[in-house]
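These are the residues of each chain, in order.
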Amino acid sequence: MSEEAGARRAGWVGALGLLAVLGAAGVILARSASTASGFGLALVTGGAATVLLLAFPGSEIRRAVGCAAGAPAGPDERRRAALVWGAAARNAWVLSAAGAIAGFVSVFSSESSGLARFLGGVGDRAVGVSLGLLLAVLFTIPALRLAPFGESVMETASPPPPAQRILAGVALLALLAWPLLGPGSGDRFEPRPWLLHWPAWLVVAGGALALALYLRGIGHGASVVVGLGGAGSVGVLLGLTRALHGFATVSIDDVAGGMMFAVSSGYAALTGLAVVGLPLLDRDAREGRRVPGAARGAACGFPLVVLILLVVTVLLVMVPMEKPAG
Amino acid sequence: MSERLLPDDEVDRLLREALADDLPKELEDELRGGAREAWRRAASGARPARWRDWFPSVWRPLVPQTALVAASLAMLAAGAVMQAAPAPHGVVVSLEGRQAAARAARAMGRATAMECTVQVSDDHGRQLRHRIDWKAPGETRVRLDGAGGRAERTLRLPGAAPSVLTRAAVARDGASRDPEIEHLRAFLSPLALWERLAAPWRPEPGREGKAPAAGAFVVAPRPGAPGLTVTVDPATHLPLWLDGTDRDGRKQAAVCRWP
């Protein structure tokens with residue numbers, strides 16, 4: 001009995017420690033927060049929460065918080081709580097990448113030329129991305145603590161109520177559409193062509209559908225996630241190849257077209273993951289189906305591909321092109 | 001022994017087959033065939049999900065088996081065809097301006113000398129000509145042509161900021177506090193000139209798509225706002241002529257040489 005009380009006390013201490021880390025990080029990040037970073041913060045926190053609400057009933061999320069805080073729970077409940085925390089961490093990571101793209105396009109739409117000013121704009125919008133990464137790390141800790149050892153079979157779970165799903169879906173779509181309405185004029189980088197480049201959306205949607213149909217045997221959620229990750233990566237790669245070729249041949253048209261294709265492919269795939277793929281994957285996991293490693297890899301690896309793309313895009317825009325000698 | 005469970009109807013068939021001694025031959029053959037088929041299906045594993053199983057049962061009749069495949073192929077084909085179209089004009093113009101600005105910044109950062117003749121109008125509308133000579137690492141001589149006659153100043157100004165973190169160096173410099181040369185601040189060094197040009201660049205109207213051969217850009221904080229028209233040397237990417245208004249709205253024109 002005293003052992004159980006000790007374990008519960010340790011759980012509470014750990015939960016308080018996590019909250020303290022979150023609080024300290026919040027205070028530090030608040031120093032760097034600005035009006036420009038507000039959208040990134042909203043997209044990451046609101047987006048991660050709404051994706052979670054698309055797959056898990058509110059009661060299950062509350063129980064997961066209780067489990068992380070040390071409340072007594074059976075193996076099945078602990079497993080469900082671990083699923084919730086793992087999904088929250090992964091959602092924060094995916095939404096961070098979406099926030100990074102939106103912030104990056106927003107910098108191009110509003111900042112004037114010059115590396116210093118550009119870096120200033122990036123710094124202004126980096127708080128949301130940093131917060132997303134921080135949340136991903138913090139949410140992983142309870143997921144690791146609650147994950148049961150060995151295989152266990154979960155009882156069938158009921159899906160979230162339709163009203164919750166509809167509200168969460170509408171809120172998520174509004175958050176993801178918000179960057180499209182950013183300022184812009186005929187003479188500046190406008191956000192819309194960068195984020196809503198139709199050829200890129202068509203290629204990602206068509207490619208993801210084709211891959212998902214081919215992989216349907218591994219489960220609905222897993223096939224959609226792998227399909228979106230694969231099609232998004234291919235879109236990013238094709239766009240970057242075109243942009244780099246344009247850079248080598250000093251063709252601004254090709255550089256612009258390639259970068260738009262790559263950035264838009266990244267945003268399309270991340271939007272698909274957040275709205276469709278991740279909730280389906282979580283639903284499969286809640287119903288006791290095993291999540292293939294490829295689906296986990298796609299959900300965690302694709303945001304990394306997007307962040308690398310953004311670094312390369314900054315270089316392509318800021319480094320002057322030069323005609324090859326001769 | 002297989003661990004697979006057979007559906008109830010298949011089990012019924014098997015039982016009937018086992019008890020079929022007094023059945024007619026045709027029926028017995030049919031039952032045996034059915035039993036074989038049931039065993040074969042049980043041994044071949046679960047049937048993979050069909051595509052239309054993804055849709056709610058109400059929608060399934062509207063989505064034929066091949067519709068999703070056709071839709072994905074159509075989307076891929078449309079995307080592949082559409083991506084060959086030229087990029088939107090606004091994006092190309094903006095990128096063109098950024099490239100020109102980056103090239104000019106790099107060229108000005110490498111400059112070792114700059115000579116500018118600046119023509120400005122004073123508060124009474126008179127045209128005044130000033131001559132500015134800057135030499136690396138940071139000596140500026142200003143010959144002023146003012147209402148009270150000619151005057152000369154010598155200043156110490158760096159040519160380029162040591163890092164992106166010190167771009168405000170010009171604003172902090174004492175030279176900017178001299179009222180006689182305050183209106184010339186943008187031409188006192190390459191760094192000061194770059195600070196003046198650090199606003200979005202756009203190809204001059206009617207010359208879009210011709211840069212860098214044409215090399216004329218409008219530099220203004222916002223489209224339509226008063227700014228400078230900068231003509232850039234296509235070979236060196238350095239600004240040669242600047243014409244427009246300063247930040248206070250006064251007419252300003254300069255000719256620069258980069259020895």
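This structure is a prediction, so every number in the text was calculated from the model and none was measured. Every residue gets a number counted from 1 within its own chain, in the order that chain's sequence is written. Just so you know, chain letters begin at A and ligand numbers begin at 1, following the order they were written in. Restriction of local features to residues with pLDDT of at least 70 applies here, the model being predicted, together with a cutoff of 80 or more for giving and counting side-chain atom pairs; totals for whole chains, interfaces and linings are based on all residues. Just so you know, side-chain values use all the structure's heavy atoms and leave hydrogens and water out.

Colleague: Sorry if this is basic, but what is going on with the overall build of chain A here?
Modeller: Across its full length, chain A carries eleven helices and zero strands. Put simply, chain A runs from its N terminus to its C terminus through helices and strands in the order α-α-α-α-α-α-α-α-α-α-α. Should any heavy atoms of two residues lie within 4.5 Å, those residues are counted as being in contact. The contacts of chain A with a sequence gap of at least 6 include a subset with a gap of at least 24, amounting to 81%. For chain A, the computed accessible surface area is about 14000 Å², with 70% contributed by carbon and sulfur atoms. The way it works is that DSSP assigns letters per residue, a run of H or I at least four long becomes a helix, a run of E at least two long becomes a strand, and they are numbered from the N terminus. Method for areas: the Shrake-Rupley scheme with a 1.4 Å probe, in which residue coverage is limited to the protein chains shown.

Colleague: What am I meant to see in the state of the cysteines here?
Modeller: Note: disulfide means a covalent bond formed between the sulfur atoms of two cysteine side chains. All names here are of chain B. Here, the term disulfide refers to a pair of cysteine sulfur atoms separated by no more than 2.5 Å. Under the defined criterion, the tally for this structure stands at one disulfide over all chains. Paired through a disulfide, cysteine 116 and cysteine 256 show a sulfur-sulfur distance of 2.4 Å. Every disulfide takes its handedness from the sign of the S-S torsion; for cysteine 116 and cysteine 256 that torsion is 100°, giving right-handed. In this pair, cysteine 116 sits in strand S1 (residues 113-121) while cysteine 256 sits in strand S9 (residues 251-257), placing the two residues 140 residues apart along the sequence. For every residue, the accessible area (1.4 Å probe, protein chains only) is compared with the maximum for its type, and the residue is labelled buried under 20%, exposed over 50%, or partly exposed between those bounds. The buried category is assigned to cysteine 256, whose relative accessible area is 3%.

Colleague: What is the right way to look at helix H8 (residues 198-214) of chain A in this model?
Modeller: It helps to recall that an α-helix has 3.6 residues per turn; residues three or four apart then point in one direction. The span you would expect from a helix comes to 1.5 Å times its residue count less one. Between its first and last C-alpha atoms H8 of chain A spans 24 Å; for 17 residues at 1.5 Å apiece the expected length is 24 Å, and the two agree. All buried positions along H8 of chain A are accounted for by Pro199, Ala200, Val203, Val204, Gly206, Gly207, Ala208, Leu209, Ala212 and Leu213 of chain A. Buried residues along H8 of chain A sit against helix H9 (220-248) and helix H10 (252-286) of chain A together with helix H3 (67-82) of chain B.

Colleague: Quick question: what am I supposed to make of the side chain of histidine 130 of chain B here?
Modeller: All names here are of chain B. You can see histidine 130 is positioned in strand S2 (residues 127-135). Taking relative accessible area as the criterion, histidine 130 reaches 4% and is therefore assigned buried. Not counting residues within four places of it along the chain, the set of residues in contact with histidine 130 comprises Cys116, Thr117, Val118, Val120, Arg143, Leu144, Asp145, His183 and Leu184.

Colleague: It is not clear to me how the nonpolar core should be interpreted in this structure. Could you clarify?
Modeller: Nonpolar side chains in soluble globular proteins tend to end up buried together. Ranked by internal contacts, the top residues of the largest apolar core, which has 69 residues, are Leu43, Ile101, Val225, Met259 and Leu270 of chain A. The biggest single contributor to this core is H10 of chain A, with 16 residues. Not counting the four nearest positions on each side in its chain, isoleucine 101 of chain A is found in contact with Leu195, Val263, Gly266, Tyr267, Leu270, Val306 and Leu310 of chain A. Buried Ala, Val, Leu, Ile, Met, Phe, Trp, Tyr and Cys residues that are joined via side-chain atoms within 4.5 Å together make up what is termed a nonpolar core. Counting residues in hydrophobic clusters, the runner-up holds 35 residues, among them Cys116, Trp201, Leu238 and Leu242 of chain B.

Colleague: Just to check I follow, could you spell out the pairing of S1 of chain B for this structure?
Modeller: Taken residue by residue, a regular strand's side chains alternate between the two faces of the sheet. Residue and element names in this part refer to chain B. Relative to S2, S1 runs antiparallel, the two being bridged by nine bridges. Bridging across to S2, valine 118 finds its partner in histidine 130. Connecting S1 to the next strand, S2, in antiparallel fashion are five residues, including glycine 125 with a positive phi near 85°. Between any two strands, pairing holds if DSSP finds at least two bridges. Strand direction decides the pairing type here: S1 and S9, joined by six bridges, are antiparallel. Across the sheet, glutamine 119 pairs through a bridge with alanine 253, a residue of S9.

Colleague: Could you clarify how one ought to interpret the packing of aromatic side chains in this entry?
Modeller: Aromatic rings considered in pairs are described by the distance between their centres and by the relative angle of their planes. Residue and element names in this part refer to chain B. Between 30 and 60 degrees the pair is tilted, below 30 it is stacked and above 60 it is edge-to-face, where a pair is any two Phe, Tyr or Trp rings, Trp via its six-membered ring, whose centres lie within 6.5 Å. According to the stated counting rule, one finds three aromatic pairs over all chains in the structure shown. On the numbers, 6.5 Å between centres and 45° between planes, the contact of tryptophan 194 with tryptophan 201 is tilted. With relative accessibility at 3%, the residue tryptophan 201 sits in the buried group. Centre to centre, the rings of tryptophan 201 and phenylalanine 217 are 5.5 Å apart; their planes meet at 50°, and the pair counts as tilted. Here the residue tryptophan 201 occupies a position in strand S5 (residues 201-203), and phenylalanine 217 occupies one in strand S6 (residues 216-219), the gap between them amounting to 16 residues. Aromatic rings pair up to connect Trp194, Trp201 and Phe217 into one cluster.

Colleague: Can you help me understand the pairing of S6 of chain B in this one?
Modeller: Residue and element names in this part refer to chain B. Burial of the side chains of S6 extends over both faces: Ala216 and Val218 are buried on one face and Phe217 and Val219 on the other. Here S5 pairs with S6 via three bridges, running antiparallel. Across the sheet, residue tryptophan 201 finds its bridge partner in S6, namely valine 219. Where S6 lies against strand S7 (residues 228-232), four bridges are found, and the strand directions are antiparallel. Counted as the bridge partner of valine 218 is threonine 229 from S7.

Colleague: Could you clarify how one ought to interpret the side chain of serine 264 of chain A in this entry?
Modeller: Within the secondary structure, serine 264 of chain A is located in helix H10. A distance of 3.4 Å separates the side chain of serine 264 of chain A from the backbone oxygen of tryptophan 194 of chain A, its partner in a polar contact. Distance and chemistry together define a polar contact, namely a pair of N or O atoms within 3.5 Å, with one atom able to donate a hydrogen and the other to accept it when in protein, and with adjacent residues in sequence counting only for side-chain atoms on both sides.

Colleague: Sorry, what's going on with H9 of chain A here?
Modeller: A rise of 1.5 Å per residue sets the reference length of H9 of chain A, with its 29 residues, at 42 Å; its end C-alpha atoms lie 42 Å apart and thus fit the reference within 8%. The first or second residue beyond H9 of chain A is valine 250 of chain A, which carries a positive phi of 55°.

Colleague: Mind showing me how you'd approach the environment of leucine 83 of chain A here?
Modeller: Residues and elements named next belong to chain A. Position of leucine 83 among the secondary structure elements: in helix H4 (residues 75-110). The partly exposed category is assigned to leucine 83, whose relative accessible area is 23%. Residues leucine 83 and leucine 195 lie 112 residues apart in sequence; the distance between their C-alpha atoms is 31 Å.

Colleague: Looking at this model, I keep getting lost on unusual backbone geometry. Mind explaining?
Modeller: Backbone geometry follows two general trends: most residues other than glycine have a negative phi, and most peptide bonds adopt the trans configuration. Here the phi dihedral of valine 250 of chain A falls at roughly 55°; this positive angle occurs in a residue that is not glycine. By secondary structure assignment, the location of valine 250 of chain A is in the loop between H9 and H10. Notably, histidine 237 of chain B is not glycine yet its phi reads approximately 70°, a positive angle. By the secondary structure assignment, histidine 237 of chain B is in the loop between S7 and strand S8 (239-245).

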